[in-house]
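These are the residues of each chain, in order.
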Amino acid sequence: MASFVPVVSGDGTASSRGISLRGVRNLRDKVKELVEKGHIFGTFEGTDWVATDFTELTTTEFVYGWVKRFDVTGTERLADCAKLIDPADIGVPSYFISHAWKGSFAKLLDTIEAFLKNAPVLTFVWIDFIAVNQHSDTRPDANKADVESFAATVQACTAGTIVVVDLERCNPATRGWCIFEWNQTTIEHGHDGLHLVGMSLEDRARVVDQVDVEQAECFDPNDLAMILEKVQNEHGSASNFNAAVKLTLTLQPLSYRVDLEQLDRRSVGTVWNLDPVNDWLAGPERALCVVADAGTGKSTVSAALVREFLGRPVAGTPGAWVGPISAVHFLKHSDQRRLDPVAIVKSIVFQIARRVPRLQEALFGARRVPRQVMSLRSVDEACALLLPLVVAACAG
């Protein structure tokens, strides 16, 4: 007997099909029972199989052995089958879950719950095999529309992306969708929106080693073609994209995006006289000081300088920059991360490296350097390792 009873709620899109933590726990119990009863089965990669061990079940086996079966979901999304997932546990997600198929199904759920252990049970997360229509054979248009909504879904998940890694089975850096999702997260939510959880230093280094979007894999070649097109449109080249992802994973820079947007809004309509800054840039002085009493707008002025004078991407020209090679840091006493000197140094190096290919080569040319960067614990170590690389790369 078929289990599917489609229920469409919200706006009807895949982006609105998050599952609550309560729903995640209920799904875990259901899948355990299905495995015990031998109800997850099928033909995968030319071999007939039946899942017999919940701890060994992969996400791919879960999809092909249960979600895609007509007797389970018909032609609907798993999220829209009311007999399988309570509609009360489907809602607008706060977190996007990035994972590589072929990873452990149990580890995926364990990682989500561990990261959100103190969150309310009605915190919603977005998982592709629940939210996306998996029936590409019988409903290709529905599947295509859901897949094409990934970028919009990342944007809608305002709390960011939780990255789940199972390196014993698959390095996510070899999967096109994974590295695309990571990059899209930093575009939409800043670097603080990328939650790398459950990874050792060596795990993260192995991920960095493998980042190459042109060599990445997708189950559907059309998906990779779409990803590469988006990469070209947003970064100008695959090499620019690879560098951005590797720098983010290695240096884990701080994000100032929200602060700059708020400061920009404060100064809407302001007419700036920034001639003294032009004179400073053209002159020999090395320091420009913005001095005033507390609460009089020094940060707002600084944001204007960032916007008008310092290095910034050229709108409409992917991969192009205008302005001097520069880096900024905004202190924030209410945010301990902004007061961490190691994080400050790494964030400054990140910003410079985005503009200086020679610095990228210095950081990634030797396999040991990313590992050394990731293991930095003191500001003295950070300065001793990174600042000579910056000076050498920028010399001349």
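In the block above lies the structure referred to throughout.
Rules behind the numbers
- Residues numbered from 1 in each chain as written.
- Predicted model: local features only at pLDDT ≥ 70, side-chain atom pairs only at ≥ 80, totals over all residues.
- Heavy atoms only, no water.
- Disulfide = S-S within 2.5 Å.
- Phe/Tyr/Trp six-rings, centres within 6.5 Å; stacked < 30°, edge-to-face > 60°.
- Helix = DSSP H or I, 4+ residues; strand = E, 2+ residues; numbered from the N terminus.
- Buried < 20%, exposed > 50% of the residue type's maximum accessible area, 1.4 Å probe, protein only.
- Pairing = 2+ DSSP bridges.
- Contact = heavy atoms within 4.5 Å.
- Axes fitted to C-alpha atoms, helices over the stretch in contact; angles between N-to-C directions.
- Core = buried A, V, L, I, M, F, W, Y, C linked by side-chain atoms within 4.5 Å.
- Salt bridge = Lys/Arg side-chain N within 4 Å of Asp/Glu carboxyl O.

**Some words on the state of the cysteines**
Thought 1: A complete count under the given rule lists 0 disulfides for this structure.
Thought 2: No disulfide involves Cys394; its sulfur sits 15 Å from that of Cys383, the nearest cysteine.

**Details of the packing of aromatic side chains**
Thought 1: Overall, the coordinates contain 13 aromatic pairs when judged by the stated rule.
Thought 2: Residues Tyr95 and Phe115 carry aromatic rings whose centres are separated by 6.1 Å and whose planes lie at 85° to one another, so their mutual orientation is edge-to-face. With Tyr95 in strand S5 (residues 95–98) and Phe115 in helix H4 (residues 105–115), this pair connects stretches of sequence that are 20 residues apart.
Thought 3: Overall, the relative accessible area of 16% leaves Tyr95 in the buried class.
Thought 4: By relative accessible area, which is 31% here, Phe115 ends up partly exposed.
Thought 5: For the ring pair Phe96 and Phe150, a centre distance of 6.2 Å and an interplane angle of 75° mean the geometry is edge-to-face. Residue Phe96 is found in strand S5, and its partner Phe150 is found in helix H7 (residues 150–156); the two are separated by 54 residues along the sequence. Comparing Phe96 with Phe150 shows no difference in burial state: the two are buried.

**A word on the sheet that holds strand S8 (residues 194–196)**
Thought 1: Spatially, the 6 strands line up as an open sheet ordered S4-S1-S6-S5-S7-S8, and their pairing is mixed. Only two strands of the sheet have a single neighbouring strand rather than two, namely strand S4 (90–91) and S8.
Thought 2: One ladder, built from 2 bridges, connects strand S1 (residues 18–20) with S4; its direction is antiparallel. What sits directly across from Gly18, in S4, is Gly91.
Thought 3: Along the sheet, helix H8 (residues 176–189) makes contact with S5, strand S7 (160–163) and S8, crossing S5 at roughly 155°.

**Description of the nonpolar core**
As a rule of thumb, soluble globular proteins bury nonpolar side chains together.
Thought 1: Ranked by internal contacts, the top residues of the largest apolar core, which has 57 residues, are Trp177, Trp182, Leu249, Leu359 and Leu363.
Thought 2: Residues contacting Trp177, with those up to four places away along its chain left out, are Val147, Phe150, Cys218, Asp223, Met226 and Ile227.
Thought 3: The next biggest cluster of nonpolar side chains, apart from the first, holds 40 residues, and it includes Trp49, Val63, Phe129 and Ile130.

**So, the pattern of salt bridges**
Thought 1: Within this structure, the stated rule accounts for 23 salt bridges.
Thought 2: Among the salt bridges present, the one from Arg371 reaches Glu202, with a minimum N-O distance of 3.2 Å. Here Arg371, found in helix H17 (residues 368–374), pairs with Glu202, found in helix H9 (residues 201–209); they are 169 residues apart in sequence, far enough to count as distant.
Thought 3: The class of Arg371 is buried, set by a relative accessible area of 12%.
Thought 4: Notably, a salt bridge pairs Arg307 with Glu308, separated by 3.2 Å at the nearest N-O pair.
Thought 5: Look at Arg307 and you get partly exposed, because its relative accessible area is 29%.
Thought 6: Linked by salt bridges that have partners in common, Arg17, Arg77, Asp80 and Asp146 make up one network.

**Structural notes on unusual backbone geometry**
Thought 1: Notably, Lys102 is not glycine yet its phi reads approximately 85°, a positive angle.
Thought 2: Accessibility expressed as a relative area gives 30% for Lys102, which makes it partly exposed.
Thought 3: Of note in this structure, Gln252 is not a glycine but carries a positive phi near 40°.
Thought 4: Within the secondary structure, Gln252 is located in the loop between helix H11 (238–251) and helix H12 (257–266).

**Describing the pairing of strand S3 (residues 47–50)**
The side chains of a regular strand alternate, first on one face of the sheet and then on the other.
Thought 1: The sheet contact formed by strand S2 (residues 41–44) and S3 spans 4 bridges and is antiparallel. Its bridge partner lying in S3, Phe44 is registered against Thr47.
Thought 2: What sits between S2 and S3 in their antiparallel hairpin is a turn of 2 residues, with Glu45 showing a positive phi close to 55°.

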